[in-house]
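What the coordinates show
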Amino acid sequence: MNILMALSQLEVTGAEVYAVEIGEKLIDRGHNLYFVSDTLTKKNRGKYIPLAFNKRNIFQRLDQVIKIVKIIKQNKIDVVHAHSRASAWSTEIACKLTKTPFVTTVHGMQHVSKHRKRKQPIGCGYAVCENIQNDLIETFGVDPAAIKVLRNGIDLSKFKVSTPPKNEKKVISIIGRLSGPKADITYNLLTNSIDLDKYTVNIIGGKDIPERFNSFKNKVNFTGYIDNVYEFMADSDLVIGAGRVAMESLLMGRPTLAIGEAKEIGIIDTDTAHLALASNFGDVGDRTNHNFDWNFIKSEIELGIKLKQTPAEVIDIIGENFNIHKIVDTLEKTYQREWVRVKKYDIPVIMYHRVIKDVDTESGKHGTYVTIDQFRDHMTILKKGNYIPITFSDLAGIPIHQRFEKKYIMLTFDDGYVDNYTYAFPILKEFGFNAVIYLVSDRTYNKWDVDLTDEKTFEMMDLPMLKEMRDSGIIEFGGHTLSHPRLSQLSDMEMKNEIFKDKEITENKLNIQLNSFAYPYGDLDDRAKKMVSEAGYPYAVGTDSGSYCLSDDIFEIRRIGIFPTITNFGYKRKINGNYNFIKIKRENKRQR
């Protein structure tokens, strides 16, 4: 995908660090990254396009929109991700004009004005902490479904717990910019809470030293912005900061006092970790006025200096919440889902059951079949339309950003009837098309239908047939339980046996690894999805449930059923990539 990150800043911010670091991981995954911002300080492999978002009169805003539209069109941008208020206002309009997916990450509290209270440029929105999420919902009336928490991503591999330093004179490092509210905090720390004669103090950050700090120049070490900030952290007996500073310090095992623009959390331990997460380590509070307790902060500094390391439990909490790979996974899926939603296209997953020759003798009661002639017509339509049938193992090897570069489609067959081998398999071979067949491993015929509905008996494929299909290289097999029950009606033990034992039998019988599972009747619940995942399946398919976007929930992938009443025209509608949008809209109308 071509992804545009939009920021507005005049010096380095946590939002920039966030955008660049996730951008680097996205580049590693094959995406192309572009950045628009007033400035961009942190090194990256993307393309930087300067744009003065901080100029905000109506004519300047209009100029920004025109320039962003041009950038989107010239660079074929697939999704825009805004990381600041100023950039979000202009990019949202540009995205509407160009029909480009729009995602935001909100890094701080939004200023309230009459206009902003009426409208927030959220799109598909994320907040970096719970306090921001709650404020957007309560103050601005943002739909709770439109804003979720997704924290700042950190590459955990870059950090390891450092050995406590052996400083005769204890070292305190205050890390953050020397402008705005953060400058006020630093000034008050130096004035009210830190004994400058007792400790060595580093002030790390800030382009220039504001005049009011001149009286401290001989007492503290002002480093400005530095590349080796982690060395200073490792050599510190106490780190003071908010946001990413606090997270990174904790990952290094350094005792950390979290204080940000909104509040003081104090020393981070197992008791204060949840408060730290909700407030982004002090940077985000609520709409009430807050007076900092500098005496409390002074006592917390003394407490922190006595600590040697951060508790391991706190380091684990940070790692679990801020793992950049998990966060980029979420964003990558979000970009794809939003692209699919806006463009109304995703890989169609088609569901067949049986392919028969004689309707009078082979059709059965349920109509879950197509004739040989119909099936050949379908494959001809796919061939003429340049569709490429793939399996789930194929899908796993196609990066998300390449899934829409070709007309992929998935052909699936449920149950494993003999006619799949007799009639469907030769036609698939003739066209060179791949398909997935879901096998009921402990049945030699459709016993579930015969016993419950007095259906005709239809045989399942035997082992030689399955092996021939396996060896052809065009058929992938999946799991479909031992006996084809309704999983939601089973106990946990019964369900586990149906899913786990079925997988074991089929894999051992055919010496293969199953890559996907199909829920019988499309019947599932959260227990079933969890067990399918625990059994080791990377994917699972339903029938008339699941999202319009394939990657939204890979354990409930929606399929499009094909039946004998469907004309060739109807088949073309169902395979064109937007059918699930139509189907879900129709289902929602029925439920109202």
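Cut-off values and rules
Residues numbered from 1 in each chain as written. Predicted model: local features only at pLDDT ≥ 70, side-chain atom pairs only at ≥ 80, totals over all residues. Heavy atoms only, no water. Helix = DSSP H or I, 4+ residues; strand = E, 2+ residues; numbered from the N terminus. Buried < 20%, exposed > 50% of the residue type's maximum accessible area, 1.4 Å probe, protein only. Contact = heavy atoms within 4.5 Å. Areas by Shrake-Rupley, 256 points an atom, 1.4 Å probe, with all protein chains shown as cover. Lys, Arg positive; Asp, Glu negative; His and termini not counted. Charge placed at Lys NZ, Arg CZ, Asp CG, Glu CD. Pairing = 2+ DSSP bridges. Axes fitted to C-alpha atoms, helices over the stretch in contact; angles between N-to-C directions. Expected span 1.5 Å × (residues − 1). Polar contact = N/O pair within 3.5 Å; in protein donor to acceptor, adjacent residues only side chain to side chain. Parallel < 35°, antiparallel > 145°, perpendicular 65-115°, else oblique. Left-handed = near helix turned anticlockwise from the far one by under 90°. Nonpolar A, V, L, I, M, F, W, Y, C, P; charged D, E, K, R; others polar. Arc of directions from axis to C-beta. Right-handed = clockwise from strand over helix to strand, strands pointing away. Core = buried A, V, L, I, M, F, W, Y, C linked by side-chain atoms within 4.5 Å. 1 Å grid on protein atoms, 1.4 Å probe; cavity = no way out; pocket = protein on both sides within 12 Å on 5 of 7 lines; lining within 4 Å. Points joined across faces, edges and corners; volume = space filled by probe spheres on them. Salt bridge = Lys/Arg side-chain N within 4 Å of Asp/Glu carboxyl O.

**A word on the overall build of the protein**
When helices and strands are tallied, the protein shows 22 helices and 23 strands. Each of the three principal axes of the protein carries a C-alpha extent, and together these read 95 × 55 × 45 Å. Looking at the protein residue by residue over its 592 residues, the buried ones come to 57%. Summarising the internal contacts of the protein: among those between residues at least 6 apart in sequence, 66% fall at separations of at least 24. For the protein, the accessible surface area stands at approximately 26400 Å², while carbon and sulfur atoms represent 49% of it. Averaging the coordinates of the 82 positive side-chain charges in the protein and doing the same for the 77 negative ones gives two points 7 Å apart.

**Some details on the sheet that holds strand β9 (residues 200-204)**
Strand order in this open sheet of 6 strands is β10-β9-β8-β11-β12-β13, and the pairing throughout is mixed. The open sheet terminates on both sides in strands that have one partner only, identified here as β10 (221-224) and β13 (264-267). Here the strands of the sheet are splayed against their neighbours by 15 degrees on average, with no regard to which way each runs. Alignment of strand β11 (residues 238-241) against strand β12 (residues 256-259), held across 3 bridges, turns out to be parallel. Bridge pairing links V239 to T256 in β12. Seen against the sheet, helix α8 (residues 243-251) touches β8 (171-175), β11 and β12 and runs at an angle of roughly 160 degrees to β11. Sheet contacts for helix α10 (residues 294-306): β8, β11, β12 and β13; angle to β13, the most-contacted strand, approximately 25 degrees.

**Details of helix α12 (residues 324-343)**
Between its terminal C-alpha atoms α12 stretches 28 Å, which fits the 28 Å expected from 20 residues at 1.5 Å a residue. Residue N323 occupies the N-cap position of α12, its side-chain oxygen lying 2.9 Å from the main-chain nitrogen of H325. K344, located one to two residues past α12, shows a positive phi value of around 55 degrees.

**Quick look at the packing of helix α2 (residues 58-74) against helix α3 (residues 85-98)**
For the pair α2 and α3, the least separation of the axes is 8 Å and the interaxial angle reads 55 degrees. In terms of orientation, α2 lies oblique with respect to α3. Once α2 is placed against α3, the crossing between them reads as right-handed. Each of R61, Q64, V65, I68, V69, I72 and K73 in α2 lies in contact with α3, whose residues at this interface are A86, W89, S90, T91, I93, A94, C95, L97 and T98. For the contact of α2 with α3, the class distribution of residues is 10 nonpolar, 4 polar and 2 charged.

**Let's talk about the side chain of T412**
Within the secondary structure, T412 is located in strand β18 (residues 408-415). Within the structure, the side chain of T412 is placed 2.9 Å from the side chain of R559, a separation counted as a polar contact. Apart from the residues lying within four places of it in its own chain, the contact partners of T412 are V349, I350, M351, Y352, V436, Y438 and R559.

**A closer look at the environment of Y225**
Along the chain, Y225 falls in the loop between β10 and α7 (229-234). We classify Y225 as partly exposed; its relative accessible area is 39%. Expressed as a C-alpha distance, the spacing of Y225 and I203, which sit 22 residues apart in the sequence, is 9.6 Å.

**Remarks on helix α14 (residues 372-384)**
Between its terminal C-alpha atoms α14 stretches 18 Å, which fits the 18 Å expected from 13 residues at 1.5 Å a residue. Among all positions in α14, only Q374, F375, H378, M379, I381 and L382 are buried. Buried residues in α14, looked at end-on, bunch into an arc of 155 degrees, giving them a common side. Facing away from the buried side of α14 by over 90 degrees, the exposed positions are D373 and K384.

**Let's talk about the pairing of β12**
Here β12 shows two buried faces, one formed by T256 and A258 and the other by L257 and I259. With respect to chirality, the unit in which β11 leads through α8 into the neighbouring parallel β12 is right-handed. Relative to β13, β12 is paired through 3 bridges, and the arrangement is antiparallel. Across the sheet, L257 pairs through a bridge with I267, a residue of β13. Adjacent in sequence and paired antiparallel, β12 and β13 are bridged by 4 residues.

**Notes on the nonpolar core**
Residues Y352, F375, M379, L428 and Y571 are the most contacted members of the largest nonpolar core, which totals 51 residues. Examining the composition of this core, we find that 6 residues originate from one element, helix α16 (residues 418-431), more than from any other. Core analysis: the second largest hydrophobic core is formed by 30 residues, Y18, A19, Y335 and Y345 among them.

**Some details on the layout of surface pockets**
Counted as a void, the second largest pocket has a volume near 520 Å³. Put simply, the parts of the chain that give the lining of the second largest pocket at least two residues each are β18, α17 (447-453), β23 (560-561) and α22 (579-591). Sorting elements by how many residues they give to the lining of the second largest pocket places α17 first, with 4 residues. Residue classes in the lining of the second largest pocket are distributed as 12 nonpolar, 13 polar and 10 charged.

**Quick notes on unusual backbone geometry**
Positive phi, close to 60 degrees, is recorded for N386, a residue that is not glycine. The residue N386 is located in the loop between α14 and β17 (388-389) in this model.

**Points about the pattern of salt bridges**
For the structure on display, the rule yields 36 salt bridges. Among the ionic pairs, R45 bridges to D28, the shortest N-O distance being 2.6 Å. On the criterion of sequence distance, the pair formed by R45 in the loop between β2 (32-37) and β3 (47-50) and D28 in helix α1 (residues 14-28) is long-range, its members being 17 residues apart. The closest approach of N and O atoms between K170 and D237, which form a salt bridge, is 3.9 Å. With K170 in the loop between β7 (147-149) and β8 and D237 in the loop between α7 and β11, the pair connects residues that are 67 residues apart, well separated along the chain. The class of K170 is partly exposed, set by a relative accessible area of 30%. Accessibility expressed as a relative area gives 5% for D237, which makes it buried. One continuous salt-bridge network, built from bridges that share partners, spans E21, K42, R244 and E248.

Any functional reading would require information beyond the geometric quantities listed.
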